[in-house]
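# Observations on the three-dimensional arrangement
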Amino acid sequence: MRLVLIILATLVFIVVQWGPVLYVARRQWLRGDPYSFRQLRFMMPAQLLATVSLAFTADLLGMRNPAALFAGAAIVVSAAGAGALALYYRIKRRK
């Protein structure tokens, strides 16, 4: 049962972390940009590293409730990544 909960938590983390970025890239692909998924090879590992580093930093600083801080960091980094990717495509479209 414990293994099932770990797998479920990992899947939820991945969906929360990379779902918005994949959504933005898919929207650009549907608009006719054949290279829209190219930026994800940089964005996805960067998001993962940022979330894990924020969680470890919070743990090293001795903040309470590290699970909530990890979830909050995942949500914030995910939103920032999706916003950065959308801004990149908006600037690219104007050129």
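The model shown is predicted, which means the values in this text are computed figures rather than measured ones.

With that out of the way, let us pick up the UniProt feature "transmembrane region" (unreviewed entry) in the chain. The sites that UniProt annotates as "transmembrane region" (unreviewed entry) are residues 6–25 and 69–89. End-to-end, the C-alpha atoms of residues 69–89 are 30 Å apart, and along that stretch the chain is 100% helix and 0% strand.

Okay, the packing of aromatic side chains next. In the structure shown here, the tally under the stated rule is 3 aromatic pairs. On the numbers, 6.3 Å between centres and 55 degrees between planes, the contact of Trp 29 with Phe 37 is tilted.

Here the focus is helix H3 (residues 66–94). Residue pairs spaced three or four apart in an α-helix point in one direction, given the helix's 3.6 residues per turn. If you check H3, its first and last C-alpha atoms are 42 Å apart, about what 29 residues at 1.5 Å a residue would give, namely 42 Å. Looking only at H3, the buried set comprises Ala 73, Ala 74, Val 77, Ser 78, Gly 81, Ala 82, Leu 85 and Tyr 89. Elements in contact with the buried residues of H3: helix H1 (2–30) and helix H2 (40–60).

Turning next to a nonpolar patch on the surface. On the surface, Met 1, Val 4, Leu 5, Leu 8, Val 12, Val 16 and Ile 75 cluster together to form a nonpolar patch covering roughly 690 Å² of accessible area. Among the elements that take part in the nonpolar patch, H1 stands out by supplying 5 residues, more than any other. In this fold, Leu 5 is placed in helix H1. What makes Leu 5 partly exposed here is its relative accessible area of 49%.

Here the focus is the side chain of Gln 47. Within the secondary structure, Gln 47 sits in helix H2. Residue classification places Gln 47 among the buried positions, given a relative accessible area of 3%. Look past the residues within four positions of Gln 47 in its chain and what remains in contact with it is Gln 17, Trp 18, Val 21, Val 77, Ser 78, Gly 81 and Ala 82.

On to a positive patch on the surface. A surface patch of like charges, here positive, comprises Arg 27, Arg 31, Arg 90, Arg 93 and Arg 94. Inspection of the secondary structure assignment puts Arg 94 in helix H3. Note on Arg 94: relative accessible area 70%, which makes it exposed.

What follows deals with the packing of H2 against H3. One way to put it is that H2 packs onto H3 with a least axis distance of 9 Å and a crossing angle of 150 degrees. Between H2 and H3, the crossing angle belongs to the class labelled roughly antiparallel. For H2 against H3, the interelement crossing comes out right-handed. In this structure, H2 contributes Leu 40, Met 43, Gln 47, Ala 50, Thr 51, Val 52, Leu 54, Ala 55 and Ala 58 to the contact, and H3 contributes Leu 69, Phe 70, Ala 73, Ala 74, Val 77, Ser 78, Gly 81, Ala 82, Ala 84 and Leu 85. When the residues that make up the contact of H2 with H3 are grouped by side-chain class, the tally is 15 nonpolar, 4 polar and no charged.

Thresholds applied
Residues numbered from 1 in each chain as written. Predicted model: local features only at pLDDT ≥ 70, side-chain atom pairs only at ≥ 80, totals over all residues. Heavy atoms only, no water. UniProt positions renumbered as here; feature names shortened; annotations may be inferred. Helix = DSSP H or I, 4+ residues; strand = E, 2+ residues; numbered from the N terminus. Phe/Tyr/Trp six-rings, centres within 6.5 Å; stacked < 30°, edge-to-face > 60°. Expected span 1.5 Å × (residues − 1). Buried < 20%, exposed > 50% of the residue type's maximum accessible area, 1.4 Å probe, protein only. Contact = heavy atoms within 4.5 Å. Patch = residues over 30% accessible without salt bridge, like charges linked within 9 Å, V, L, I, M, F, W, Y side chains within 5 Å. Areas by Shrake-Rupley, 256 points an atom, 1.4 Å probe, with all protein chains shown as cover. Salt bridge = Lys/Arg side-chain N within 4 Å of Asp/Glu carboxyl O. Lys, Arg positive; Asp, Glu negative; His and termini not counted. Charge placed at Lys NZ, Arg CZ, Asp CG, Glu CD. Axes fitted to C-alpha atoms, helices over the stretch in contact; angles between N-to-C directions. Parallel < 35°, antiparallel > 145°, perpendicular 65-115°, else oblique. Left-handed = near helix turned anticlockwise from the far one by under 90°. Nonpolar A, V, L, I, M, F, W, Y, C, P; charged D, E, K, R; others polar.

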